[in-house]
Amino acid sequence: MGKISENLNYPKISVVVKNMKSIAIIGSGIAGIEAASRLSKFGHKVYLIEKNSEIGGYVAQWDRLFPSQTEAKTVLNDLIKKLNNRAEVLTNVTVQHCEKKDRQFELVLTDNKHLVVDAILVTTGFDIFRAERKEEYGYGIYENVITSSDLEKMFAENNVVCKNGESPKRLAFVHCVGSRDEKVGNRHCSKVCCATAVKQACEIKELYPSCEVFNLYMDLRMFDRHFEDMYHEAQSKYHVNFIRGRLSEAGENKEHQVIIKTEDTLAGKPLKLTVDLLVLMTGMEPCYLQKTINSKLGLRSDTDGFLSTKNSFTENNLSNADGIFVAGTCTGPKTIPETLADSRAAAGLLNSYLMS
Amino acid sequence: MINFGYQRNESATLDLDTTHSELYKKLLDKEPSAATCISCGTCAATCSAGQFTDFNLRKIMLLCKRGDMQSFKPIINRCMVCGKCQLACPKGVNTRNIVLILNKYLHAGKISK
Amino acid sequence: MQERLVNSFDPFVIPYTFGLIFLLTYLFIALIRVIQALPNDDKFKLLKHIFSLKIFKSMKEIFLECLLHVKIWKKNWTLGYMHTALAFGWFMLIILGHFEVQLFAPHRLNLPWYPIFFRYFMMETETTMQGSFFFFMMDLTLLLVLSGLVLAIIKRFRRKLFGMKRTTKLRWNDQIAVIALWSIFPLRFLAESFYSEISGGSFLTAGMGSIFHWFYNFTENEIYIRPIWWAYSIALAVFFIMLPWSRFTHILTEPLFIIMRNAGIREEHRNSGYGKVEIYSCSRCGICLDPCQLVSVASLRDSAAINYTRHLRLWKSEKAHQAASICLMCNRCTKACPVGVDTAALKLNTKHEVVTFHTDQQYDYLTSKTAESGAEPAIAKTLEPTDVIYFAGCMTHLTPATKLAMTKILETSGERFSFIDEDGSICCGRPVLLAGARKSANELMKKNAELFKQTNAKILVTSCPICYKFFKENYDLDMRVLHHSQYIQELLKEGKIKVDPNGAKIVFHDPCELGRNSGVYDAPREVLKSVGELQSTAYDGAESLCCGHSIATESLPYRKRHMIANDAVEKLTTDHPDVLATACPACKKAFSETNKIAVKDLAEIVAENLKC
């Protein structure tokens, strides 16, 4: 099956090798990897530039993916396998300088390596909101306050426990931490946290069936296919408690349990809740290097900090600069399937641009 | 309508066909940030007065939008105007000003200084 | 020196005399009304002050501030010189004029126009030492005034030379007054110059006169140059008539304001006579515009102190209230004001006049019996006796790192303490007071004081400068009230806690309520110096910026607050410190939200470096 689809999708390398063009992809998360494998199969020379030592981006840190509970490892390995070492991966570097010469770009990387490429694809992705910035939630202050990505690592290491090593008997998820929050400069919804929270709530119940789980949400945004099923399961199978209210502040008692202050907005009363572990669903922010990259490449961001595109409907893989394409979460929060689809679209567009 | 021998209590219904919240319009005029409230309840959660009394700013703002003033008129000044809600509000709503404006319209000239 | 004309009158003195009579009548009525508006005990204070030796202190201040404008000199030399030249110069012209009359024509002292148009009525027959001396002095003073005038005109076009980025726009009434004022002295100069051939003059007028004479011999046709005296008289009259309706009212009100202020009169309940004098003492010089961050950062010029006083003068109470309710009350304007107009106090009164917040049932939930929710209020519990009580404050609960740091410091110090609002409490009352509701504030104060007294504590420590100012100044507590920066300083001094210096580069931001509004500048700095390397900025101490999250403002939109915070952080971190320290939960939140630099309360910095 796999073989057939590959044959359908890609022209034979020998056909296009004379017109071989080169592309620099900035960021080697799933968007970067997927685009790299498509473009290299089209017969182009691909440089995959990564600031960290490993490729894979944030997906490499996740345990299982919603809504199907597929292991993130499997998805990432599939993507890397498809890339099949056809791209030149440059790790631990970022772009230091970029100059446009005719239709080509001359890039200088931080290790002083020079690249001359015909096009650039920006797949710089996102960063996770630093939960310390919401001081009132106590991340970094109270020992049993963790973030959703911390919990994901705990799942991966199969070690979901409180600081004292005991398993949590009561646990709460706080949605929208660093999202929909003007005070931290993020008005946007991060899109994936609601589904992640419901997924993690189910996983906790799977792991500790007797643990009481509370999800404190403002609006549950179960927008995509099978998300509502996951929510249905969280209710019917796992009996997760959903409370509509936003955390105002967290405190700590002598036993280092976390005391939550919120309002049950549906009951219309302030609510106090003591939990063993508090999970903050930290949202997506533009990559911390985005501004620097923008200044080097001449790109523009919107007021929310994510990259602007030429047209959000019909030209959402084109940046404001000619020859520079964009894909993935650098243009706003996306789920993994959305990111991959966006990346494939960008690769197709890039190919026709390079062949013209 | 068929008479079933019992009637719905009209006062328990928010009748948006006949109610138009003039107060809310006035509030928006003076404090436009009131429109951006998402009813998340952070203000009510953090509220010092809310610990002791029925004062609940989220509910008050919602009722104001729906044109039901009578239910919060007696408690609007239970607020201590300490500003904690304003510091906590994720939308940057000027909550203190809302309390003061609503109070002013509901109790203008009727209360001693 | 002798009288040139037998008749001591000329029709051109009529406009001037009319203007003067009008002004004096107006002044007399205004003074009576102001004094009438004063509460009785303030009237008594005023009388007591006038008939005591302290009046000389006021006189000295009037001389230094109203005439020499010493405070403006400190801000900018050119601006100071301009003000001195105009005010002191004109004053000297009047005084010297009267001396001349006193010396050379004492029988004419009863004629109010005589000293002003002296050189029209008097002439120098022979050169006497005295006559030429006074003529020289008068010319010198006139030169001083004219030089000030030239600067005033330059200032209209090149205000940056005077250290001002912004200045006030002239309204039509001010424009008439300014034009009149600006023409008075050149006209006098011209008139005296033309007449120097007839009446004599000194270096300036005689010199100019001989130049004129070179063109045309005026002495033979005096009638042609008489109109210049008319113009001079009319300019004076116009100025006098416009004076009560223009910015120049301050020339007359400021001395009264200084006397009243030194007599200890303050605005406490509503804007009475003192408030009126204060409002009219504003010279609309515009010095308060640059320090005001609402103007410089948030582009809300209408809210500046100067425009607030203008709204009050024009009886635009709605606009005045708008300006008052948007004001951050950081008091940067009051600190800069050369006259010392305390607009924060006036604004509070403006708010107080319209707010209708208090009712008898308002806070009856503070007593457990009427708690509607049925829950036992946390504040109804009786508190155990202790030595030190720690009151974090409402907002500190949203910056938990600060309260945890304070708990750690207090535990390490070994003092017997209790954290009285650990589970929350009620507000200190200052925010509701700042919203104008004094009676509501009183109820909260009463309840808090009752709670504090139960503990028999010797020291009350708070982490919130807003609470600190209120506990310290408005509560009558039988215990020492300290902000945590002061308390930590004491603990360090007494050796009850010790810190390991970590050498971090720290910039300290003085919170408005702690620094400018309570005068605590040194304690936080001393504490921080024991831990790291304290960098100084242009905004230290009284020059400190507002973070924008002041509790005093009601209507300032969040976007604007954030702009002010961003601007302040940029200005404070030009030397790239490792950490921006502050001592107020509101400032900490404001600066953290900019996401530009690590922001910490000084208590956190101390707690992190405690030697255990």
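Residues numbered from 1 in each chain as written. Chains lettered and ligands numbered in written order. Predicted model: local features only at pLDDT ≥ 70, side-chain atom pairs only at ≥ 80, totals over all residues.

## Considering the nonpolar core
Put simply, the rule is: Residues of type Ala, Val, Leu, Ile, Met, Phe, Trp, Tyr and Cys that are buried and joined through C-beta atoms within 7 Å form what is called a nonpolar core. In this scheme every C-beta is placed from the backbone, and a residue whose C-beta has 20 or more other C-beta atoms within 10 Å is buried, one with 12 or fewer is exposed, and one in between is partly exposed. An automatic or database domain assignment provides the domain bounds reported here. Contact between two residues is assigned whenever their backbone-derived C-beta positions fall within 7 Å.
By size, the foremost hydrophobic cluster in this structure holds 155 residues, and its most contacted members are Tyr390(C) and Val606(C). A domain split of this core shows at least three residues from each of domain 2 (286–353) and domain 3 (379–611) of chain C. Excluding its chain neighbours within four sequence positions, the residues that come into contact with Tyr390(C) are Met406(C), Leu410(C), Phe417(C), Phe419(C), Ile420(C) and Val461(C). Of all hydrophobic cores here, the second largest spans 99 residues; its members include Phe126(A), Phe129(A), Phe173(A) and Ala201(A).

## A short note on unusual backbone geometry
Only a minority of non-glycine residues have a phi that is not negative, and only a minority of peptide bonds are not trans. Residue and element names in this part refer to chain A. Inclusion rule: Working definition: helices are DSSP H or I runs of at least four residues, strands are E runs of at least two. Numbering for both runs from the N terminus.
Residue Phe 66 is joined to Pro 67 through a cis peptide bond whose omega torsion reads -10 degrees. With respect to the element layout, Pro 67 can be found in the loop between strand S3 (64–65) and strand S4 (70–71). One non-glycine residue, Cys 176, adopts positive backbone phi at about 55 degrees. We note that His 226 has phi near 75 degrees; this positive angle belongs to a residue other than glycine. Tracing the backbone through its elements, the reader meets His 226 in the loop between strand S13 (212–217) and helix H7 (227–236).

## Remarks on the sheet that holds strand S18 (residues 277–282) of chain A
Sheet strands line up and pair through hydrogen bonds in the backbone, either parallel or antiparallel. All names here are of chain A. Keep this limit in mind: For two strands to count as paired, DSSP must find a minimum of two bridges between them. Axes here refer to lines fitted to C-alpha atoms; in helices the fit is confined to the stretch in contact. Angles between the N-to-C directions go from 0 to 180 degrees.
If you trace the five strands from one edge of the open sheet to the other, you get S11-S18-S12-S13-S14, paired in parallel fashion. A single partner strand is all that each edge strand has here, and the edge strands are strand S11 (145–147) and strand S14 (241–244). Here the average twist between neighbouring strands, direction ignored, is 25 degrees. As paired strands, S13 and S14 are joined by four bridges and run parallel to one another.

## Some points on the domain arrangement of chain A
Put simply, an interface is often sized by how much accessible area is lost when its parts join up. Residue and element names in this part refer to chain A. Taken domain by domain, chain A comprises domain 1 (2–125 + 287–355) and domain 2 (131–284). Of note, the centres of domain 1 and domain 2, computed from C-alpha atoms alone, are 33 Å apart. Across the contact, 10 residues belong to domain 1 and 19 residues belong to domain 2.

## Looking at the sheet that holds strand S11 (residues 599–601) of chain C
Residues and elements named next belong to chain C. The parallel open sheet is built from four strands, whose spatial order is S9-S8-S10-S11. Where the open sheet ends on each side, the last strands, each with one partner, are strand S9 (533–535) and S11. Here the strands of the sheet are splayed against their neighbours by 40 degrees on average, with no regard to which way each runs. Helix-sheet contacts for helix H23 (residues 522–529) involve strand S8 (505–508), S9 and strand S10 (579–582), and the interaxial angle to S8 is about 175 degrees.

## Here's the deal with the interface of chain C and chain B
Put simply, the test is: Under the grouping applied here, Gly and all other residues not named as nonpolar or charged are polar, the nonpolar ones being Ala, Val, Leu, Ile, Met, Phe, Trp, Tyr, Cys and Pro and the charged ones Asp, Glu, Lys and Arg.
At the interface, 31 residues of chain C touch 29 residues of chain B. For the side of chain C that touches chain B, the elements supplying multiple residues, two or more each, are helix H19 (430–434), helix H20 (438–454) and helix H25 (585–592) of chain C. For the side of chain C that touches chain B, the class distribution of residues is 19 nonpolar, eight polar and four charged.

## As for the interface of chain A and chain B
In this assembly, 16 residues from chain A lie in contact with 17 residues from chain B. The biggest single contributor to the side of chain A that touches chain B is strand S16 (residues 258–264) of chain A, with three residues. Looking at side-chain class alone, the side of chain A that touches chain B contains two nonpolar, five polar and nine charged residues.

## Some details on the environment of Leu277(A)
All names here are of chain A. Here Leu 277 is to be found in strand S18. On the basis of neighbour counts, which here come to 27 C-beta atoms within 10 Å, the residue Leu 277 falls in the buried class. For Leu 277 and Cys 162, which are 115 residues apart along the polypeptide, the C-alpha to C-alpha distance reads 6.3 Å. If we ignore the near neighbours within four places in the chain, the residues touching Leu 277 are Asn 144, Ile 146, Cys 162, Pro 168 and Leu 171.

## Remarks on the domain arrangement of chain C
Residue and element names in this part refer to chain C. Structurally, chain C comprises domain 1 (52–249), domain 2 (286–353) and domain 3 (379–611). Using only C-alpha atoms to locate each centre, domain 2 and domain 3 end up separated by 26 Å. Contact with domain 2, which involves 15 residues of that partner, is made by 20 residues of domain 3. The dominant element in the side of domain 2 that touches domain 3, judged by the number of residues it contributes, is helix H17 (residues 343–354), at three residues. The residue inventory of the side of domain 2 that touches domain 3, partitioned by class, reads eight nonpolar, four polar and three charged.

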